[in-house]
Amino acid sequence: MKVRSVKEGDTEVLVPVPEEGANFAPSAAPVFFNPVMEMNRDISIAATSAFLKRMESDPEKTITYVDALSASGIRGLRVANEIGIETTLNDWSEDAYQLILENIEKLGIDGHTFARHKNANVLLHEKHFNIVDLDPFGTPAPFLAAAARSVIDLLEVTATDTAPLCGAHLNSGIRKYAAIPLNNEYHSEMGVRILLGRIARELSLHDKAMIPLLSHATRHYVRTYLHIRRGAKQADKMLKKMGFIAQCECGNREIVYGLAVHVRDKCSLCGKENIISGPMWLGELHEPEFCDETIEELEQRNCGTKEMSVKMLQFCRDELDIPMFYEQHLLCKKLGVSASAIDTLITALRDNGHKASRTHFSGTSFKTDAELPDIERIIADI
Ligand code: SAM
């Protein structure tokens, strides 16, 4: 396998050179490496470090981290090299395992970094880790049961199968996430909430609960950081934040909390048939203080995507904690008016006594606690 050296953050890693015939696609290389995911990894380093600072109360405690699906190891190698905690890098591919060993030796971090060559599900069933990171090809669904069992403090998950998550590949989404997604204007937020809903149900099997610290949908993937709590009561409390969305073609949506609920099948505004999606996570996606702590980490660190990452995290921090954004252009089209600047609309909503914010999901969208008729009236009046 031909390799080249890349530097991300403060870490220089050997990665494969993709084969020419396959258009240099990351998945065509003998070992996967996607440079486009640098932002995902930069934020991971910052978020993991921010989380560890919250745990610093017990300096004697050894914190263990596992990158369960490592490929070249770049993600876990950065954790080991830039944060310095006990790190396990695992991949079932022989080529990947050999490359991980070479990278550990080259970086001189073998005192606290271990390579494993196992099925990730076996490793995660064998051992508990404080921090579990899942960064698979496509869906993390096949690894969630084992990760939910293994994780003690922090679960970090990427999903790149946005089409099933967002309802574009409906049956695939239903199979993988045991939920019905809806592919409409807020499909990107739908994807995050369907993934979190599936993770919440896996955790509840082990009497564990999650508190989302940060979740974002960026380009072709979703990424989330979940603080884990133990106890049946915590798990019951978490499940109360699951629920359904009843969406009408008139644009009205009803957010229905709970799993044992009756979801209205007719729209309360126009009486037409609602489309029901879920079950999904309807609770918070971020903790604003954690977004700030992660921003602070990014600002202090060397990372190639600093500016972009900080900007995105500021949007996450400032967005309202209300499920499902509205798309301004869609509403304007329905009303036959032209769209104003998004900040003008947000100010108008606030001036009318409502909460309103921008959202990291889309530059032309907003979140608000206003009901649809009020939103439409305010847009028409601008
Ligand atoms: N986390 C890596 C990064 O940041 O560059 C990318 C990981 S790549 C998308 C997924 C990796 O998971 C591949 O190297 C593949 O060999 C490995 N993999 C897939 N299924 C696995 C399993 N059941 N057990 C262990 N490794 C697995």
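See above for the structure.
Given the structure is predicted, the values throughout are model-derived calculations rather than measurements. (Residues numbered from 1 in each chain as written. Predicted model: local features only at pLDDT ≥ 70, side-chain atom pairs only at ≥ 80, totals over all residues. Heavy atoms only, no water.)

K.L.:
Quick one: what's the story with the environment of Asp10, residue by residue and with numbers?
P.N.:
By the secondary structure assignment, Asp10 is in the loop between strand S1 (3-8) and strand S2 (11-16). When the C-alpha atoms of Asp10 and Asn302 are compared, they prove to be 6.4 Å apart, with 292 residues separating the residues in sequence. Setting aside its immediate chain neighbours within four residues, Asp10 contacts Asn81, Glu82 and Asn302. Here the side chain of Asp10 touches Asn302 through a polar contact of 2.7 Å, side chain to side chain. (Helix = DSSP H or I, 4+ residues; strand = E, 2+ residues; numbered from the N terminus. Contact = heavy atoms within 4.5 Å. Polar contact = N/O pair within 3.5 Å; in protein donor to acceptor, adjacent residues only side chain to side chain.)

K.L.:
Explain a nonpolar patch on the surface residue by residue, including any values.
P.N.:
Together, Leu170, Ile174 and Ile180 make up an exposed nonpolar region whose accessible area comes to about 220 Å². Considering the arrangement of structural elements, one finds Ile180 in the loop between helix H7 (170-177) and helix H8 (187-205). Residue Ile180 is classed as partly exposed on the basis of its relative accessible area, which comes to 39%. (Patch = residues over 30% accessible without salt bridge, like charges linked within 9 Å, V, L, I, M, F, W, Y side chains within 5 Å. Areas by Shrake-Rupley, 256 points an atom, 1.4 Å probe, with all protein chains shown as cover. Salt bridge = Lys/Arg side-chain N within 4 Å of Asp/Glu carboxyl O. Buried < 20%, exposed > 50% of the residue type's maximum accessible area, 1.4 Å probe, protein only.)

K.L.:
How would you summarise the packing of aromatic side chains if you had to cite specific residues and measurements?
P.N.:
A full pass over the atoms with the stated rule returns three aromatic pairs. A centroid spacing of 5.7 Å and a plane angle of 20° characterise the contact between Tyr326 and Phe366, whose relative ring orientation is stacked. With Tyr326 in strand S13 (residues 326-327) and Phe366 in strand S15 (residues 362-368), the pair connects residues that are 40 residues apart, well separated along the chain. Phe366 carries the same exposure label as Tyr326, and that label is buried. (Phe/Tyr/Trp six-rings, centres within 6.5 Å; stacked < 30°, edge-to-face > 60°.)

K.L.:
Kindly report on the state of the cysteines, identifying the contributing residues and their values.
P.N.:
By the definition in use, this model includes zero disulfides. Sulfur of Cys248: no disulfide; nearest cysteine sulfur belongs to Cys270 and is 3.4 Å away. (Disulfide = S-S within 2.5 Å.)

K.L.:
Lay out the nonpolar core with the relevant residues and their values.
P.N.:
Core analysis: the largest hydrophobic core is formed by 47 residues, its most contacted members being Leu124, Val132, Leu134, Leu155, Ile199, Met210 and Trp281. The element that contributes the greatest number of residues to this core is H8, accounting for eight residues. When neighbours within four sequence positions are excluded, Met210 is seen to be in contact with Leu196, Ile199, Ala200, Leu203, Leu226, His227, Ile228, Met238 and Trp281. Membership of the second largest hydrophobic core comes to 27 residues, among which are Tyr225, Phe290, Cys303 and Cys316. (Core = buried A, V, L, I, M, F, W, Y, C linked by side-chain atoms within 4.5 Å.)

K.L.:
Just give me the short version of the site of the ligand, but keep the residues and values in it.
P.N.:
Neighbouring the ligand are 18 residues; Arg41, Leu69, Asp91, Ala120 and Asp135 lie closest to it. Between Arg41 and the ligand, the recorded distance is 3.2 Å, taken from a side-chain N or O atom to an oxygen atom. The separation between an oxygen atom of the ligand and a polar side-chain atom of Asp91 is 2.6 Å. The protein chains hide 92% of the 600 Å² of surface that the ligand would expose on its own. Spatially, the ligand is embedded in the largest pocket. (Near = heavy atom within 4 Å. 1 Å grid on protein atoms, 1.4 Å probe; cavity = no way out; pocket = protein on both sides within 12 Å on 5 of 7 lines; lining within 4 Å. Sits in = over half its atoms within 2 Å of the grid points.)

K.L.:
An account of helix H10 (residues 288-300) is needed here, citing residue identities and associated values.
P.N.:
The end-to-end C-alpha separation of H10 is 19 Å, in line with the 18 Å expected for 13 residues at 1.5 Å each. Buried residues of H10: Phe290, Cys291, Thr294, Ile295, Glu297 and Leu298, and no others. Burial along H10 is one-sided: seen end-on, the buried residues are contained in an arc of 160°. (Expected span 1.5 Å × (residues − 1). Arc of directions from axis to C-beta.)

K.L.:
Go over the layout of surface pockets, please, and point to the residues and values.
P.N.:
The computed volume of the largest pocket comes to approximately 670 Å³. As for the largest pocket, its lining consists of 33 residues, of which Phe32, Ala71, Asp135, Pro136 and Phe137 are closest to the centre. Taken together, the residues that form the lining of the largest pocket break down as 16 nonpolar, eleven polar and six charged. As a volume, the second largest pocket reaches approximately 270 Å³. Taken together, 17 residues make up the lining of the second largest pocket; nearest its centre are Arg253, Ile255, Tyr326, Ala370 and Glu371. No other element matches strand S11 (residues 253-257), which puts four residues into the lining of the second largest pocket. Within the lining of the second largest pocket, the residues separate by chemical class into nine nonpolar, three polar and five charged. (Points joined across faces, edges and corners; volume = space filled by probe spheres on them. Nonpolar A, V, L, I, M, F, W, Y, C, P; charged D, E, K, R; others polar.)

K.L.:
Explain the sheet that holds strand S10 (residues 242-247) to me, and be specific about the residues and the numbers.
P.N.:
With respect to topology, three strands assemble into an open sheet ordered S11-S10-S12, the strand pairing being antiparallel. The open sheet has two edge strands with one neighbour each: S11 and strand S12 (275-281). The sheet shows a mean angle of 20° between the axes of neighbouring strands, taken without regard to direction. As paired elements, S10 and S11 share five bridges and run antiparallel to each other. Along S11, the bridge assignment pairs Gly243 with Tyr257. Where H8 meets the sheet, it contacts S10 and S12, and its direction lies at approximately 55° from that of S12. (Pairing = 2+ DSSP bridges. Axes fitted to C-alpha atoms, helices over the stretch in contact; angles between N-to-C directions.)

K.L.:
Describe the pattern of salt bridges, with residues and values.
P.N.:
Applying the stated criterion across every chain yields a total of 26 salt bridges. Its salt-bridge partner being Lys53, residue Glu297 comes within 2.5 Å of it at the nearest N-O pair. Linking Glu297 in helix H10 with Lys53 in helix H1 (residues 38-54), this pair joins segments that are 244 residues apart in sequence. On the basis of relative accessible area, Lys53 is assigned to the partly exposed category, the value being 44%. The closest approach of N and O atoms between Glu185 and Arg253, which form a salt bridge, is 3.8 Å. Here Arg253 lies in strand S11 and Glu185 lies in the loop between H7 and H8, a separation of 68 residues in the sequence. The class for Glu185 is partly exposed, based on a relative accessible area of 25%. Three or more residues joined by partner-sharing salt bridges are found here, namely Glu8, Arg41, Asp42, Arg78 and Glu82.

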